[in-house]
Amino acid sequence: GALGLLGAWLKRRHPAGGAGSGVGAALALHCAEQLARVYQAVAGQQQLLGRYCHLLLVDYVVFAAALGASERLEAAAAWPAPVSAGGGGGGGAGAQGGAAAAAAARAVAAAALRRGAHALFGAAAPAELQHAHAVLGAGQAGAARRAALAELRGSHDREFKYTGKT
């Protein structure tokens, strides 16, 4: 999907400085914001592109929202922590600080991308959302993805859906 291509491009573009480095974090945030704008544009073109909203939503859930145990390892490889300038040992406070910086960069990029996912969710028809729920798979990974879709639905209902109350 689009997010997998984005992660691969980021790895090729900045192999030494991952998302935790200043340049990598800024680039990850910029790419996430741009992809969110694409999601919002697709959601805004209901007549032309509306039938693809649920497919992009599934792509978002699979690659960004539901990082299971095996997917966390892939995400760590796609968003490596920066190498500490202190040299040497690989462990210690420098590596932990780099991992924390990479996690913070992932969280900021995920929040930026989530705005676009909310737009896709609002544009998808109920039958398309049911199809998306079915496509997310079975087993432990499928359950995590369906839970992420349910959490997205809950946050969309809380933050964006008009309930009639003032």
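Residues numbered from 1 in each chain as written. Predicted model: local features only at pLDDT ≥ 70, side-chain atom pairs only at ≥ 80, totals over all residues. Heavy atoms only, no water.

## Here we look at the overall build of the chain
Then step 1. Along the chain, the regular secondary structure elements total eight helices and zero strands.
Then step 2. N-terminal to C-terminal, the α/β element order of the chain is α-α-α-α-α-α-α-α.
Then step 3. Taking all 166 residues of the chain together, the buried fraction comes to 35%.
Then step 4. Look at the contacts in the chain between residues 6 or more apart in sequence, and 71% of them connect residues 24 or more apart.
Then step 5. For the chain, the exposed surface amounts to about 9500 Å²; the carbon and sulfur share of it is 61%. (Helix = DSSP H or I, 4+ residues; strand = E, 2+ residues; numbered from the N terminus. Buried < 20%, exposed > 50% of the residue type's maximum accessible area, 1.4 Å probe, protein only. Contact = heavy atoms within 4.5 Å. Areas by Shrake-Rupley, 256 points an atom, 1.4 Å probe, with all protein chains shown as cover.)

## Overview of the environment of Gly-116
Then step 1. Tracing the sequence through the fold places Gly-116 in helix α6 (residues 93–123).
Then step 2. Using a relative accessible area of 0% as the deciding quantity, one classes Gly-116 as buried.
Then step 3. A C-alpha to C-alpha distance of 9.2 Å links Gly-116 and Ala-32, two positions 84 residues apart in sequence.
Then step 4. Not counting residues within four places of it along the chain, the set of residues in contact with Gly-116 comprises Ala-36, Tyr-39 and Gln-40.

## Observations concerning the pattern of salt bridges
Then step 1. What the rule picks out here adds up to one salt bridge.
Then step 2. Residues Arg-114 and Glu-151 are paired through a salt bridge, measuring 2.4 Å at the closest nitrogen-oxygen approach. Placement of Arg-114 in helix α6 and of Glu-151 in helix α8 (residues 139–159) is noted, with a sequence separation of 37 residues between them.
Then step 3. With relative accessibility at 40%, the residue Glu-151 sits in the partly exposed group. (Salt bridge = Lys/Arg side-chain N within 4 Å of Asp/Glu carboxyl O.)

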